[in-house]
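Take a look at the letters that make up each chain.
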Amino acid sequence: MTTSFTAIDFETAQGKRWSICQVGLVRIENGSIRDRLSLLVQPPGNYYWNNFIEIHGITPEHTANAPTFNAIWKQIEPYITGQIVVAHNGFAFDFQCLNQTLAYYNIEVPSFSGHCTYKIFRANLASLCRTHGIKLNHHDALSDALACAELFQLHLKQNNVNSRK
């Protein structure tokens, strides 16, 4: 059974997937949290749409002195390249954010094995967290990544039990 993976979540400043303004990342090794990162990122031009600020509460003032994504890539890249990477709604949103942001900065997209807890559980993150008693401060990238990690661990445990029957 796989017990090591990276859960990731991105918040964006506007409708462009390359406008990442926060990265939340949780590294699980042998079933336990090894690392967690919450990084504010200055999106291109530090430009935000108001309705996105209303969703996550991150403003241009919060990221005015934050590094850009290309400056933090070396810090998060080891958690992604060649790894199992899990995100909630990953194929529709988070993996697209990663790919488009890397392309924006002319950085090669690494290989990784992507998994999506939305596709696995077929429900939104907030309802899943309520159902399973998982703490969530929704649209804080680290909180969303932690919740996603717990859900994926639940999935792995359920699969392991089911495969033994």
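Note that this is a predicted model, so its numbers are computed, not measured.

Caption draft 1: Quick peek at the layout of surface pockets. Considered as a void within the structure, the largest pocket measures approximately 340 Å³ in volume. Considering the residues around the largest pocket, the lining is formed by 17 residues, among which His 88, Asn 89, Phe 93, His 138 and His 139 are closest to the centre. Looking at the lining of the largest pocket, the elements with two or more residues in it are β1 (5-12), α1 (50-56) and α4 (90-104). With four residues, the top contributor of residues to the lining of the largest pocket is β1. Residue classes in the lining of the largest pocket are distributed as six nonpolar, seven polar and four charged.

Caption draft 2: Seen up close, helix α6 (residues 125-132). Leu 125, Leu 128 and Cys 129 are the residues of α6 that are buried. Angularly, the buried residues of α6 cover 100° about the axis, an arc narrow enough to put them on a single face. Opposite its buried face, α6 presents the exposed residues Arg 130 and Thr 131, each directed more than 90 degrees away. Backbone geometry just after α6 places Gly 133 at a positive phi near 65°.

Scoring rules and cut-offs
Residues numbered from 1 in each chain as written. Predicted model: local features only at pLDDT ≥ 70, side-chain atom pairs only at ≥ 80, totals over all residues. Heavy atoms only, no water. 1 Å grid on protein atoms, 1.4 Å probe; cavity = no way out; pocket = protein on both sides within 12 Å on 5 of 7 lines; lining within 4 Å. Points joined across faces, edges and corners; volume = space filled by probe spheres on them. Helix = DSSP H or I, 4+ residues; strand = E, 2+ residues; numbered from the N terminus. Nonpolar A, V, L, I, M, F, W, Y, C, P; charged D, E, K, R; others polar. Buried < 20%, exposed > 50% of the residue type's maximum accessible area, 1.4 Å probe, protein only. Arc of directions from axis to C-beta.

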